[in-house]
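As a plain string of letters, each chain reads:
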Amino acid sequence: CFIACYLPTLISPWIPILLGLHMHFSWATTCPEECRCDRTFVYCNERSLTSVPLGLGEGYKTLYLHNNQINNAGFPLEMHNVASVETVYLYGNQLDEFPVNLPKNVRVLHLQENNIQTVPRAALAQLLRLEELYLDDNSISTVGVEEGAFREAISLKNLFLTKNHLSSVPIGLPEELRELRLDENRIAFIAEDAFENVTGLELLLLDGNLLMDEGIAPGAFQTLVNLKTLSLARNSLTVPPPNLPAEFLVKLNLQDNQMNEIPLTAFRGLHRLERLDISNNQLQSLTQGVFDGLHSLRQLTVRNNLWLCDCNIKWVILWLKSLPATLNVRGFMCQKPERVRGMVIRELTLELIQCPNSTATVPQPTLLSSSTAESATQTAFTPARSRPTPKPPRLTLPPPTAGKDREQKTNDPVGPMQESLRVSFAVLNGSCIQVSWVSMFTVTAYKVTWVKLGHSLITGPMQESLVQGAREGITLTTLEPKSTYRICVDPLDAFNNYHPGDNTICSEVTTKSASFHSGDNATGTEQATQQDPSSPFLLAGLIGGAVLVVLVVLLSIFCWHMHKKGRSESSKWKYSRGRRKDDYCEAGTKKDNSILEMTETNFQIVSLNNEQLLKGDFRIQPIYTPNGGVGFRDSQRRNNSTSYCKNSVPESDTCHK
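This report concerns the structure included in the present document. As the structure is a prediction and not an experimental result, all values here were calculated from the model.

In terms of helices and strands, the protein chain carries seven helices and 26 strands. Pairs at least 24 residues apart make up 53% of the contacts formed inside the protein chain by residues separated by at least 6 positions.

Now for the state of the cysteines. Evaluation of the coordinates by the stated rule reveals four disulfides. The side chain of Cys 31 participates in a disulfide bridge whose partner is Cys 37; the two sulfur atoms lie 1.9 Å from each other. Here the disulfide of Cys 31 and Cys 37 is right-handed, its torsion about the S-S bond being about 90°. Given the relative accessible area of 18%, Cys 31 is considered buried. Residue classification places Cys 37 among the partly exposed positions, given a relative accessible area of 25%. Each sulfur of the disulfide joining Cys 488 and Cys 506 lies 2.0 Å from the other. For the disulfide bridge between Cys 488 and Cys 506, the dihedral angle about the S-S bond is near 115°, and by the sign convention the bridge is right-handed. Of this pair, Cys 488 sits in strand β23 (residues 484–492) while Cys 506 sits in strand β24 (residues 505–510), placing them 18 residues apart in sequence. For Cys 488, a relative accessible area of 13% translates into the label buried.

Next up on the list: a nonpolar patch on the surface. A surface patch of nonpolar side chains, amounting to about 840 Å² of accessible area, comprises Leu 539, Ile 543, Val 547, Val 549, Val 550, Leu 551, Val 553, Leu 554 and Ile 557. Relative to the helices and strands, Leu 551 resides in helix α6 (residues 535–569).

This next bit is on the sheet that holds strand β21 (residues 463–468). Strand order in this open sheet of four strands is β21-β20-β23-β24, and the pairing throughout is antiparallel. Of all strands in the sheet, those with a lone pairing partner are β21 and β24, marking the two edges. Neighbour-to-neighbour, the strand axes of this sheet turn through a mean angle of 20°, independent of strand direction. With six bridges connecting them, β23 and β24 associate as antiparallel partners.

The subject of this paragraph is the pairing of strand β18 (residues 421–427). Of all seven residues that make up β18, seven are buried, and the element is covered over most of its length. As defined by bridge partners, β18 adjoins strand β19 (residues 433–439) across seven bridges and the pair is classed as antiparallel. Opposite Ala 426, over in β19, you have Gln 434 as the bridge partner.

Before going further, it helps to spend a moment on the pattern of salt bridges. Applying the stated criterion across every chain yields a total of eight salt bridges. With its nearest N and O atoms 2.5 Å apart, the salt bridge here joins Arg 121 to Glu 152. Of this pair, Arg 121 sits in helix α3 (residues 121–125) while Glu 152 sits in the loop between β6 (132–134) and β7 (158–160), and the two are 31 residues apart along the sequence. Measuring nitrogen to oxygen at the nearest pair gives 2.4 Å for the salt bridge that ties Glu 480 to Lys 452. With Glu 480 in the loop between β22 (473–476) and β23 and Lys 452 in strand β20 (residues 445–453), this pair connects stretches of sequence that are 28 residues apart.

Bringing the environment of Arg 178 into the picture now. By the secondary structure assignment, Arg 178 is in the loop between β7 and β8 (179–181). Accessibility expressed as a relative area gives 30% for Arg 178, which makes it partly exposed. Considered as a pair, Arg 178 and Asn 158 are 20 residues apart in the sequence and their alpha carbons are 6.0 Å apart. Dropping the residues within four chain positions of it, Arg 178 is found in contact with Lys 157, Asn 158, Gly 200, Leu 201, Glu 202 and Leu 203.

This paragraph deals with the environment of Ala 445. Tracing the sequence through the fold places Ala 445 in strand β20. A relative accessible area of 8% means that Ala 445 is categorised as buried. Between the C-alpha atoms of Ala 445 and Gly 469, which are 24 residues apart in sequence, the distance is 4.1 Å. Those residues in contact with Ala 445 that sit more than four places away from it in its chain are Leu 466, Val 467, Gln 468, Gly 469, Asp 490, Pro 491 and Leu 492.

The next thing to look at is the packing of aromatic side chains. Evaluation of the coordinates by the stated rule reveals 12 aromatic pairs. Plain terms: the ring middles of Tyr 64 and Tyr 89 are 4.9 Å apart, the flat faces sit at 10° to each other, and that makes the pair stacked. Note that Tyr 64 is positioned in strand β3 (residues 62–64) and Tyr 89 in strand β4 (residues 87–89), a separation of 25 residues in sequence. Exposure remark for Tyr 64: the relative accessible area of 17% places this residue in the buried category. Ring plane angle 40° and centroid distance 4.5 Å describe the contact between Trp 437 and Tyr 446, whose orientation is recorded as tilted. Residue class for Trp 437 comes out buried when judged on its relative accessible area of 2%. Since its relative accessible area comes to 2%, Tyr 446 is described here as buried.

On to the environment of Cys 37, then. By the secondary structure assignment, Cys 37 is in strand β1 (residues 36–38). Discounting residues that sit within four places of it in the chain, Cys 37 has contacts with Cys 31, Pro 32, Val 42 and Tyr 60.

So, about the nonpolar core. One finds Phe 98, Leu 133, Phe 195, Phe 267, Phe 332 and Ile 345 to be the most contacted residues of the largest nonpolar core, which totals 103 residues. Here this core takes five residues from helix α4 (residues 314–321), the largest share from any one element. Ignoring any residue separated from it by four or fewer positions in sequence, one finds Ile 345 in contact with Trp 307, Cys 309, Ile 313, Val 316, Ile 317, Leu 320, Phe 332, Met 333 and Cys 334. Grouped together as the second largest cluster of nonpolar side chains are 21 residues, Trp 437, Ile 474, Ile 505 and Val 509 included.

Buried residues of α4: Trp 315, Val 316, Ile 317, Trp 319 and Leu 320, and no others. Considering only its buried residues, α4 is in contact with β13 (299–301) and β14 (328–330).

Reading the values: rules and limits
Residues numbered from 1 in each chain as written. Predicted model: local features only at pLDDT ≥ 70, side-chain atom pairs only at ≥ 80, totals over all residues. Heavy atoms only, no water. Helix = DSSP H or I, 4+ residues; strand = E, 2+ residues; numbered from the N terminus. Contact = heavy atoms within 4.5 Å. Disulfide = S-S within 2.5 Å. Buried < 20%, exposed > 50% of the residue type's maximum accessible area, 1.4 Å probe, protein only. Patch = residues over 30% accessible without salt bridge, like charges linked within 9 Å, V, L, I, M, F, W, Y side chains within 5 Å. Areas by Shrake-Rupley, 256 points an atom, 1.4 Å probe, with all protein chains shown as cover. Salt bridge = Lys/Arg side-chain N within 4 Å of Asp/Glu carboxyl O. Pairing = 2+ DSSP bridges. Axes fitted to C-alpha atoms, helices over the stretch in contact; angles between N-to-C directions. Phe/Tyr/Trp six-rings, centres within 6.5 Å; stacked < 30°, edge-to-face > 60°. Core = buried A, V, L, I, M, F, W, Y, C linked by side-chain atoms within 4.5 Å.

Dropping the structure here:
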């Protein structure tokens, strides 16, 4: 009775341990000899295998076979019956067809970086539980995908076809698909029903294809009611595609196209859109209200467009200044006209924008020029609104010193009594500019900002300094010689408020040359005849440069002699002797040159592998033109082979195999 009662209690803790040891030893006995097995993983990668090793038993979930030399004949039938394997890595092998006899319960399949050209329905019909399929960087063309092949994988959710030879969207996609990547292909046409059965698609990438406006059917994206991310970057669109899916779209990429306008209704209904990228296009202006319906927008990128800062940009300035802090806008920078090139549109003032028949007050400059000691620029400004300050006495700038070396040029349509603020800019030397001002109203402080300008854009950092209202000027130092700086003075009124656009005065001032010395005319000739202290360094540099040139010439003669000698002794390069690189072209798939692609009307096919060409049929694939042309006509079929011609080939030319 004692044994019957207590024996189960003593044995039960050892049962899991015994089962674990049994499973461990059973797995060890079913691990292929060429591989290494660890728990549920089988490592057969990078072993120069030409076929899948035999003897794989149950219990393993992940099979690593990547970076081998496995071909299509290397899959045994017994592999299909291994039910425990869920993930297979087969990238970096020598497959040219979609493999068959894969484990029947595989969920994730990596087939990147092979040479797969065809995808048959029968192969995918065996993989009823496949959820993720990676076919990136292969040689799959539209004619190589059997119609409805991907639909056979009824559980497929993620399909990756980046960097292939597809000219259109594959017909017959699985209904459960959630993510589809077709970027870096040759797709030039998307039919009306291309995505008819994939209403659950959430991410679609079409970057780097040959899409033009007429290549996208008007209702191509309408059925994608659950789409959240749509990317059409690096195509040839001139306007956004019509009828975008508006219900759930969160991210829209349209950068690197050729868009020159955006219709007012282009983004209508995209109430959930959070990210929009229209950078690197040909946009010069935007229609007012084009972003009004984007209530959820959080990031807008518009870099590298041809923004024209004229009257049509005023609404953009006001819109940018009214945006909440939650919306990040990047890239609004003037490209035209030249006087505002490189300036941020948000910081533009009304005085900098030229409008026809404008009633806005434009500051009138008063210029002082000097040929020797000093050059200055004066700018007068009349504020647009009145201030509750007592009428001060009349203030004017002191007149310039009389003399033949200094003259005054004045263009002042506003009377001195009406001028409330006058600013002058005096160039002292190659690194200093004196900024002076006289104000007719109460000023608490002045904000002085300056930035260096280049040929097209701002080339230096923006600097600023705050000056007390009692002071009448500031000297800007450590500037670069012979450089143009944009200097702005912004007064702070008695109410401690800045009013950019009303009171700001800006001007562009150029510093003098570094070798120019002012105020020393008596000794100018003597200084000009002094010896440059850097002369010894210049002489040393010339000598060193001459020695370097001699060494380079000697080395070139030696290399030329060795190259000539090597060519005379080698015979393996005789087949290419006298042939220029542009006399012929070789194309095809990455690992199979039996498929030739021709893009010229006159060509010569040079076969480097006759045996491979004689194995069976071959096809000449159509190459789409850079502008997205898709018109093709079939050529005559001869000897059980297929070929195609481009419409751009003259009628007198014939298409040869």
